[in-house]
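# Observations on the model geometry
Take a look at the letters that make up each chain.
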Amino acid sequence: MSADSKQPRQPSDDGRGAATEDAHALLLSNARLTDGRTVDVRLGRGRIEAVGTAGSLSTTGARVDLTGHLLLPAPAEPHAHADTALSADGPGPVPYAPEEVQRRATEAALLQLGHGATALRAHVGIGGVHGLGPLGAVLRARRSLRGLADLTAVAVPRLLTGAAGADGLAMLRDAVKMGAGVVGGRPDLDPDPAGYVEAVLEVAAEHGVPVDLHTDGGDPARLARLAAMAAGLRPGVAVGPCAGLGRLPEEVAGRAAERLAAAGATVVCLPQGGCAGTELRGTAPVRLLRSAGVRLAAGGGALRDAANPVGRGDPLEAAFLLASQEGLGPAEAYGAVSARAREAMGLPEVRVEAGFPAELLAVRGERLAGVLSLAYSRIVVHRGRVVARTSAVREYCDSAAALDLPRQARTDPGGPAAR
């Protein structure tokens, strides 16, 4: 049973239960919302208990003053590669010793959490000489992160068809039994891509888990078959990064996008480009997919590994790129890394309203466009408690004072600059 579906514990007759509840209560005061309101938000038992005008709510628990911050539903990371993350600087091939994979996976998750991602979906390769070792390491990282962030592992087998695929299929089933919450893979690399997808869908149906397939999407016929096979599967299917669609003629790509939309599949694009197992760089055709009615989420993908030697692990960077490069409005761009990403991961919806999960991100700034442009200072809330803080102060040398330059963002569009 997930944390969101558990019934709240009732306080004991001696009052100690109520005292415990109060100790875990949290009041976020003077927070600015995207609609311009300034409010207090009271959290308790992992959920938003109340939202009221600034100064109207009280608590016997902790209080965090969010004056000057924009309060948002927390983003999520729907497409990470935990087993290869942060491996670009090492000499030679990627080290897959279990303790090294666990360390990198944990460090990468904390980096992403610091930027606001309280839930992460990580693709992990299984099979070959490493077997299930990397998956076991990532699952141990997941346990060490409990209470800080929710990490879900996607089992990614190499081959699933023919004589060589028999072992991969058995290992995929073992991976789910170990704790992989999603089955996936790279059908493009199998001699029989359709057979590969069929095998993945079969295992998903057996165990009642979601499907997340890593595909370039450059073959429209293959993508159409994938969409037809995935249609109607519950829980749903995510595919990505689908950058190959952007290299196809618009008419051909448009037909493929319509088939994905009809199948109810979600495309997880990677605005920064580049991902493990993908030699060609590029991004999915976001506008075309949107116009076809495809559910669209955005993730980070490769994080300082062989596919991309750089990366911040920042969902707001993905949203920034969607706005600046793809023409999405700030709200829609942020939605791709928050509401749409959570939906793709099968997570409950989050709104800054009473009754919703307390998965929140406070960023210093006044408006969403400004936050996506420059978001240094952040406060991250997971399950109703602050789990990460980042504070930044910008100052200029003394000679800049004569120019009356601001040292921080303006607190009021027409008011004086904060110093």
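Bear in mind the structure is a predicted one, so any value in this text is a computation, not a measurement.

## Things to note about the side chain of histidine 382
Mapping histidine 382 onto the fold places it in strand 15 (residues 378-382). Exposure remark for histidine 382: the relative accessible area of 0% places this residue in the buried category.

## Quick look at the sheet that holds strand 6 (residues 77-80)
Ordered by their spatial adjacency, eight strands build an open sheet running 6-7-8-9-10-11-12-13, and the pairing between neighbours is parallel. Only two strands of the sheet have a single neighbouring strand rather than two, namely strand 6 and strand 13 (295-298). In this sheet, neighbouring strand axes are inclined to one another by 25 degrees on average, regardless of whether the strands run parallel or antiparallel. The pairing of strand 10 (residues 211-215) with strand 11 (residues 237-241) spans five bridges and is classified as parallel. Counted as the bridge partner of leucine 213 is valine 239 from strand 11.

## Quick look at the pattern of salt bridges
Across all of its chains, the model carries 20 salt bridges by this definition. One salt bridge in this structure joins arginine 104 and glutamate 100, with 3.6 Å as the shortest N-O distance. With arginine 104 and glutamate 100 both in helix 2 (residues 98-115) and four residues apart, the pair spans about one turn of that helix. Classification of arginine 104 as buried rests on a relative accessible area of 0%. Across the pair arginine 378 and aspartate 314 runs a salt bridge whose closest N-O atoms are separated by 2.8 Å.

The rules behind each value
Within each chain, residue numbers correspond to sequence positions counted from 1 in written order. Only residues with pLDDT of at least 70 get local features here, since the model is predicted, and only at 80 or more are side-chain atom pairs given and counted; chain-wide, interface and lining totals rely on the full set of residues. Calculation of side-chain values draws on the structure's entire complement of heavy atoms; hydrogens and water are dropped beforehand. Each helix corresponds to a stretch of at least 4 residues labelled H or I by DSSP, and each strand to a stretch of at least 2 residues labelled E; elements are numbered beginning at the N terminus. Residue burial is assigned from relative accessible area. The probe radius is 1.4 Å, only protein chains are included, and a residue is buried under 20% of its type maximum, exposed over 50%, and partly exposed in between. When DSSP finds two or more bridges between a pair of strands, those strands are recorded as paired. Axis definition: a line fitted to C-alpha atoms, limited for helices to the stretch in contact. Angles are taken between N-to-C directions and run from 0 to 180 degrees. Think of a salt bridge as a Lys or Arg side-chain nitrogen and an Asp or Glu carboxyl oxygen that are within 4 Å of each other.

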